Amino acid sequence: MLPIDGQNGAARRPLAGVVLWGACTTEGAGLSDRDDLPVLSVAGSEDGLSDPAATTDHRAHLPPNTVMVEVGGMNHAQFGAYGDQRGDGRARIGDTEARTALADAVTAFPEQR
């Protein structure tokens, strides 16, 4: 398991899983051979910064059992609450719908493993 340091040197705990929102991994992440680590990768169809094609291109850097979800109409800015970003796509769904889709994907994840 990957250790996580808490604040001020708190005890290390094993990583139970990874959820990626609008993000790609690289070879250096060391996740591709982690069949013991559940991973959920959520992409937005209108994400202009970490678009679904990039997510698919980097799929080899994730464990084989990774659950991939694409939220139709969602752009990159909707993964957070920081407003428009240069290069992002235009959202085709509202923020509430995007956040509901994210919550649904994360909630369903344990049953999909």
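The structure reproduced in this document is the subject of the present report. Since the model is a prediction, treat every value here as computed from it, not as a measurement.

Rules and cut-offs
- Residues numbered from 1 in each chain as written.
- Predicted model: local features only at pLDDT ≥ 70, side-chain atom pairs only at ≥ 80, totals over all residues.
- Heavy atoms only, no water.
- Helix = DSSP H or I, 4+ residues; strand = E, 2+ residues; numbered from the N terminus.
- Buried < 20%, exposed > 50% of the residue type's maximum accessible area, 1.4 Å probe, protein only.
- Patch = residues over 30% accessible without salt bridge, like charges linked within 9 Å, V, L, I, M, F, W, Y side chains within 5 Å.
- Areas by Shrake-Rupley, 256 points an atom, 1.4 Å probe, with all protein chains shown as cover.
- Salt bridge = Lys/Arg side-chain N within 4 Å of Asp/Glu carboxyl O.
- Expected span 1.5 Å × (residues − 1).
- Contact = heavy atoms within 4.5 Å.
- Pairing = 2+ DSSP bridges.
- Axes fitted to C-alpha atoms, helices over the stretch in contact; angles between N-to-C directions.
- Polar contact = N/O pair within 3.5 Å; in protein donor to acceptor, adjacent residues only side chain to side chain.
- Core = buried A, V, L, I, M, F, W, Y, C linked by side-chain atoms within 4.5 Å.

With that settled, consider the environment of Arg59. Here Arg59 is to be found in the loop between α1 (52-57) and β5 (67-71). Owing to a relative accessible area of 23%, Arg59 belongs among the partly exposed residues under this scheme.

On the surface, a cluster of nonpolar side chains totalling about 230 Å² of accessible area is made up of Val19, Trp21 and Val106. With respect to the helices and strands, the residue Trp21 is situated in strand β3 (residues 18-21). Given a relative accessible area of 37%, Trp21 falls into the partly exposed group.

Here we come to the pattern of salt bridges. A side chain of one charge can pair with a side chain of the opposite charge when the charged atoms of the two come close. Within this structure, the stated rule accounts for 2 salt bridges. Measuring nitrogen to oxygen at the nearest pair gives 2.9 Å for the salt bridge that ties Arg92 to Glu46. A residue pair is termed long-range when its members are at least 10 positions apart, and Arg92 in the loop between β5 and α2 (95-112) and Glu46 in the loop between β4 (39-44) and α1 qualify at 46 residues. Looking at Glu46, the relative accessible area reads 23%, which means it is partly exposed.

Looking now at α2. When the terminal C-alpha atoms of α2 are compared, their 25 Å separation across 18 residues agrees well with the 26 Å that a helix rising 1.5 Å per residue should span. Close packing links the buried residues of α2 with β3, β4 and β5.

Let us now look at the sheet that holds β4. Strand order in the open sheet formed by 3 strands is β3-β4-β5, with parallel pairing between adjacent strands. A single partner strand is all that each edge strand has here, and the edge strands are β3 and β5. Adjacent strand axes in the sheet meet at a mean angle of 15° when their direction is disregarded. Strand direction decides the pairing type here: β4 and β5, joined by 5 bridges, are parallel. In the sheet register, Ala43 faces β5, and the bridge partner there is Glu70. Docked against the sheet, α2 engages β3, β4 and β5, running at close to 155° with respect to β4.

Moving on: the environment of Val69. Here Val69 lies in strand β5. Looking at Val69, the relative accessible area reads 23%, which means it is partly exposed. Separated by 28 residues in the primary sequence, Val69 and Ser41 have C-alpha atoms spaced 6.2 Å apart.

For the rest of this paragraph, the subject is the environment of Asp36. As for its placement among the helices and strands, Asp36 is situated in the loop between β3 and β4. Note: C-alpha distance between Asp36 and Gly17 (19 residues apart in sequence) is 8.9 Å. At a separation of 2.8 Å, a polar atom in the side chain of Asp36 contacts the side chain of Arg34.

This next bit is on the nonpolar core. With 11 residues, the main nonpolar core is built from Leu40, Val42, Val67, Val71, Met74, Phe79, Ile93, Ala98, Leu102, Ala105 and Phe109. Every element with two or more residues in this core is listed here: β4, β5 and α2. Looking at this core, the element that brings in the most residues is α2, giving 4 residues. Residues within four places of Phe79 in sequence aside, it is in contact with Trp21, Gly22, Val42, Ala43, Gly44, Asp47, Met74 and Leu102. Leu15, Leu20, Leu31 and Leu62 belong to the second-largest nonpolar core, a separate cluster that totals 7 residues.

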